[in-house]
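# Geometric and topological summary
So the chains spell out like this:
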Amino acid sequence: MQAFTQHSGIVVPLDRANVDTDLIIPKQFLKAVKKTGFGPNLFDQLRYLDEGQPGTDHSTRPINPDFVLNQEKYKAATILLARENFGCGSSREHAPWALLDFGFRAILAPSFADIFYNNCFKNGILPLVLPAEEIDMLFQGVESGEIAELTVDLDSQVVVVPTGKRLHFDIDPFRKTCLLKGLDDIGLTLEKKDLIKKYEETQKLVCPWLFEDQLA
Amino acid sequence: MSGKTLYDKLWDSHIVEQRDDGTALIYIDRHLLHEVTSPQAFEGLNLAGRKPWRTAANLATPDHNVPTIKDERVAGIKGIMDPLSRLQVEILDVNCREQGIVQFGMEDKRQGIVHVVGPEQGLTQPGMTIVCGDSHTSTHGALGALAQGIGTSEVEHVLSTQCLVQKKMKNMLIRVDGQLGAGVTAKDIVLHAIGVIGTAGGTGYTIEFGGEAVAALSIEGRMTLCNMAIEAGARAGLVAVDAKTIEYVKGRPLAPKGAMWEKAVKYWQTLVSDKDAHFDELVVINSADIEPQVTWGTSPEMVTGVCGRVPTMDMMDSASKRDSLRRALSYMGLNEGQSIQDIQLDRVFIGSCTNSRIEDLRAAAKVVKGKKVASSIKQALVVPGSGLVQQQAEQEGLDKIFLAAGFEWREPGCSMCLAMNADKLGEGEHCASTSNRNFEGRQGFGGRTHLVSPVMAAASAIAGHFVDIRAWN
Ligand code: SF4
């Protein structure tokens, strides 16, 4: 996984609550068997006027000029400013894969859906929770043109706004370390091999029916 | 010290290592796999040169992509017409064979929607931790198991280590007091509850459903409840173990047998929240307040009773809520204040992991028996949740009842719940659906989904628009 330490980039405002993962990446693109290549279909239903199909040339499709990501100034955005409950619905990790493939490294919202939030960390994307008033302030700043770029510093847990404001955010220490170092968390867990085996041995005595392994 | 909730008990009994930072390494008893969220996990496993930690803890079945038309099913994987769908089902097949994981493949009578198959086989048992790369894994909580949806990276993590790193959630109890009225079902309870707490109301919680009305539900009804816990934002839903739970598991192919069974039952009987357990949040719902529910918008919280109306702008108390309402109305092609019963339907879908079990099909068949689907309905589909549900329904003659009424009777799978196969809505079409998500485009590009119970879907197919099942004869 790509590490995340500090990131500066263009911020795009997606002013819509309860954005679900079906909207982030529609089902027809879930037929892929790789983790890459989802970028052109990120927000497919919002970005294009027709229905997208996998394997077609998306550069020739009719664009929805009203969708924010299609505006020239946001095309190179790497930070997404979002509303509450972002990423709700399906557990599909294709949603963070699509965001990453498009170029997003950080998402700022007042709240995230739980599974999506978790999936982001596994892919080097930082989902970052700020109080609703600060998110409102950022939306106003971006929409008025006052704010174009932001800097996110994970180590010191702040978002630096061009106006000079520094917004603090909280993050779970374990996730922070994994992200800062780009750690493979499977490798980390396997270091605890002996503990896992010990747990299994104890459980075999307490709940032996769980180890009958009828599925073998 | 106060007692423990059911969630506390399940959590505590699966801790491999508690860490100072609040996270814990949690042991996973059973892992279910399907074709959409597993290919990249197997790829990662192979690239890292790892093997499954405990092969026999995994069970796979293809469900999302499989065709539901009989002719397309007879040739097995090779018969799947869409090449991308075929590839995904093929890859699951190859991965399972390579890793020695048991798969109920397309030709297997036991194949079906993964969340219908698990409980049906007795793979889902009280007290277990169960995960699957699918958010509706919450379904299995109906049997007193801690069941959660995970992403593909975590699928790889569980395959490789049989564990997950998690932080404990908070406890919420949704208590449904009193008895449900006639025609009001588990689906209506959960839709109503989501209407009350909102789609983010359960974020950060495990929701236990309790109270008189929940105790009175069948296990299948409880599965419908827990299935939609995720639609309230909670990763897991739970119902305490009682005599019905134990009766349900008894004798299923993968259930413990003999002396093991006795031992298991003894343990399972302890899987209830203690009387003095502390819940961080309590939501009390009175059964008498629950009407048959219909969603009118593009989020499960956009829901009302069948006698209700689509809300109006002046009912919204914030700019963002007005904005959401405006967007939903425009997508759904509805007017503010419109009566729910005036919504004309184009298609009806009875199926999905929410409502495709035998009890659901029986209830719907009872409603349509001897009647005809309205001529204005383009398609009315019944898709059983598994091959065994299908078989049972056919033995009872339910297929004949549906076919005589003008429904199509299909092969098992996810089907029009998310339209990854050929079963979808056309642009602008309204569908009464027994599934769990009414998001934009969920059932097809531009499709308009209304979530309802099986009996409501059945009655609406006959009428061509929503009707109050309580006044139905
Ligand atoms: S039936 Fe629908 S919700 Fe259930 S597993 Fe299949 S696609 Fe997901």
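The following paragraphs examine the structure supplied in this document. Nothing here was measured: the structure is a model prediction, and the numbers come from that model. (Residues numbered from 1 in each chain as written. Chains lettered and ligands numbered in written order. Predicted model: local features only at pLDDT ≥ 70, side-chain atom pairs only at ≥ 80, totals over all residues. Heavy atoms only, no water.)

### Focus on the interface of chain A and chain B
Contacts between the two partners involve 64 residues from chain A and, on the opposite side, 84 residues from chain B. Both faces combined, the contact of chain A with chain B buries some 6200 Å², and carbon together with sulfur accounts for 58% of it. Counting the surface chain A buries against chain B, the share from its top three residues, Lys31, Trp209 and Leu215 of chain A, is 15%. Here chain A is connected to chain B by 9 salt bridges. (Contact = heavy atoms within 4.5 Å. Buried area = accessible area lost by both parts, 1.4 Å probe. Salt bridge = Lys/Arg side-chain N within 4 Å of Asp/Glu carboxyl O.)

### Concerning unusual backbone geometry
A positive phi angle is found at Phe43 of chain A, which is not glycine, with a value near 50 degrees. With respect to the helices and strands, Phe43 of chain A occurs in the loop between helix H1 (21-24) and helix H2 (44-47). Its relative accessible area of 0% is what places Phe43 of chain A among the buried residues. Not every positive phi belongs to a glycine, and Ala419 of chain B is a case in point at roughly 55 degrees. In this fold, Ala419 of chain B is placed in the loop between strand E17 (408-409) and strand E18 (430-433). (Helix = DSSP H or I, 4+ residues; strand = E, 2+ residues; numbered from the N terminus. Buried < 20%, exposed > 50% of the residue type's maximum accessible area, 1.4 Å probe, protein only.)

### A closer look at the site of the ligand
All residues adjacent to the ligand are His64, Ile113, His115, Asp134, His136, Ser352, Cys353, Cys414, Cys417, Leu418, Asn436 and Arg442 of chain B. The residue inventory of the shell around the ligand, partitioned by class, reads 5 nonpolar, 5 polar and 2 charged. (Near = heavy atom within 4 Å. Nonpolar A, V, L, I, M, F, W, Y, C, P; charged D, E, K, R; others polar.)

### Considerations on the pattern of salt bridges
One pass over the full model with this rule turns up 38 salt bridges over all chains. Between Glu154 of chain B and Lys122 of chain A there is a salt bridge, and its shortest N-O distance comes to 3.9 Å. Here Glu154 of chain B, found in helix H6 (residues 152-161), pairs with Lys122 of chain A, found in the loop between helix H4 (114-121) and strand E4 (126-129), and the two come from separate chains. A relative accessible area of 1% means that Glu154 of chain B is categorised as buried. Relative accessible area serves as the criterion here: at 19%, Lys122 of chain A is assigned to the buried category. A salt bridge links Lys192 of chain A to Glu17 of chain B, with the nearest nitrogen and oxygen atoms 3.2 Å apart. Within this pair, whereas Lys192 of chain A is found in the loop between helix H7 (185-190) and helix H8 (193-206), its partner Glu17 of chain B is found in strand E1 (residues 15-18), the two belonging to separate chains. What you see here is one network of salt bridges that share partners, running through Asp114, Lys122 and Asp185 of chain A together with Glu154 and Arg235 of chain B.

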